[in-house]
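The chain contents come next:
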Amino acid sequence: MKARGVLIRILVLAGLFFAGIYAFNYILMPMLVRQSSAVIVPDLRNTSEAEAKDMLSRIGLTMRVERSDYDSQIPAGFILSQQPDANENLKPGRSVVVVVSLGTRIRMVPEIRGMSLRQCRSVLQSEGLQVGRVARVQHIGDAREHVVASSPPVGDEVHEGESVDVVLSVPGGATVYVMPDLTSQDLFFVREKLEKLGFRVGSVRYEDRDGVFPNTIIDQRPRPGEQIREGESIELVASSSR
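In short, a report on the structure. Computed from a predicted structure; not experimentally measured.

1. Structural notes on the overall build of the protein
Scanning the protein from N- to C-terminus turns up 4 helices and 15 strands. Taken over 242 residues, the protein has a buried fraction of 26%. With an accessible surface of roughly 15800 Å², the protein has 54% of that area assigned to carbon and sulfur atoms.

This is the structure:
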């Protein structure tokens, strides 16, 4: 009986031994082999499409572009995201799926002239833009405030998210300007332009001036650089004809 018990224990131990060999050869070894053949996926984000493709090619992987999206932070042609993520394992020959940036979306400054500041802000926001600096200019005769100009001007292309500065005309006193230099310009051309801008040419005096073409402005009041209010008169001196 004692010898029989020893024999049974030997047979049990032998069975466990062979079972262990079987498990190692047919279960653990294939798992280890499969794991050792996998490669670690690199981080492709913020790299160019060409660079990302080259990185994957060197470790036996391929790249597939799923789509392209606009992004204000990542330049056009660079990788936005990837699947699988960085540091995950992947078998050689498999693909990493990526999303490529189109860069910042280009917008066009919409027509905002004549709008109130509130309307202007709403229209710009609908286009992915925002109101920047606001310059208010008092203009005589205006019944309400409204946008008269912008920078960049209407129709210009800008990047989404950028600011548009606006000039807002508001009711009030006459607008104050800085007098430009009118000398050496044609009298009749200048007179027409000034009157269209709301100024009055109060008087024109002629003087003889050698070497100057007739009807050329040679002096003015107010002087260049001085302030003048809208509606005020301007005195000019022009060369006479002989």
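Picking up where we left off.
2. A short note on the nonpolar core
Residues Ile112, Cys120, Leu124, Val131, Val147 and Val166 are the most contacted members of the largest nonpolar core, which totals 14 residues. For this core, the secondary structure elements donating two or more residues are α3 (117-126) and β10 (163-171). Among the elements that take part in this core, β10 stands out by supplying 4 residues, more than any other. Apart from the residues within four sequence positions on either side, Leu124 is in contact with Pro110, Ile112, Leu129, Gln130, Val131 and Val164. Among the nonpolar cores identified, the runner-up in size contains 13 residues, and Val39, Leu44, Met63 and Ile79 belong to it.

3. Structural notes on the sheet that holds strand β12 (residues 200-207)
Spatially, the 3 strands line up as an open sheet ordered β12-β15-β13, and their pairing is mixed. Each end of this open sheet is capped by a strand with a single partner; those strands are β12 and β13 (217-221). Each neighbouring strand pair of the sheet contributes to a mean axis angle of 20 degrees, computed without reference to strand direction. With 7 bridges connecting them, β12 and strand β15 (residues 233-239) associate as parallel partners. The residue bridging Tyr206 from the neighbouring strand is Ala238, located in β15.

4. Some details on unusual backbone geometry
A cis amide bond, omega 0 degrees, links Ser151 with the succeeding residue Pro152. The backbone of Asn46 shows a phi angle near 70 degrees, a positive value even though the residue is not glycine. Within the element layout of this structure, Asn46 appears in the loop between β1 (39-40) and α2 (49-58). Given a relative accessible area of 51%, Asn46 falls into the exposed group.

5. Examining α3
By the burial criterion, the buried members of α3 are Leu117, Cys120 and Leu124. Summarising the axial view, the buried residues of α3 lie within an arc of 60 degrees, below the 170-degree limit, and thus occupy one face. Counted as exposed and oriented over 90 degrees from the buried face of α3: Arg118, Gln125 and Ser126. The secondary structure elements touched by the buried residues of α3 are β7 (130-139), β8 (146-151) and β10. One or two steps after α3, the chain reaches Gly128, where phi turns positive at roughly 80 degrees.

6. Brief notes about the sheet that holds β10
The 3 strands are arranged β7-β10-β8 in an open sheet whose pairing can be described as mixed. The open sheet has two free edges, formed respectively by β7 and β8, since each of these has just one partner strand. The mean angle between the axes of side-by-side strands here comes to 25 degrees, regardless of whether they run parallel or antiparallel. Alignment of β8 against β10, held across 5 bridges, turns out to be antiparallel. Its bridge partner being in β10, Ser151 is matched across the sheet by Asp165. Each of β7, β8 and β10 is contacted by α3, which is oriented at about 155 degrees to β7, the strand it contacts most.

Analysis parameters
- Residues numbered from 1 in each chain as written.
- Predicted model: local features only at pLDDT ≥ 70, side-chain atom pairs only at ≥ 80, totals over all residues.
- Heavy atoms only, no water.
- Helix = DSSP H or I, 4+ residues; strand = E, 2+ residues; numbered from the N terminus.
- Buried < 20%, exposed > 50% of the residue type's maximum accessible area, 1.4 Å probe, protein only.
- Areas by Shrake-Rupley, 256 points an atom, 1.4 Å probe, with all protein chains shown as cover.
- Core = buried A, V, L, I, M, F, W, Y, C linked by side-chain atoms within 4.5 Å.
- Contact = heavy atoms within 4.5 Å.
- Pairing = 2+ DSSP bridges.
- Axes fitted to C-alpha atoms, helices over the stretch in contact; angles between N-to-C directions.
- Arc of directions from axis to C-beta.

Structural measurements only, silent on function.
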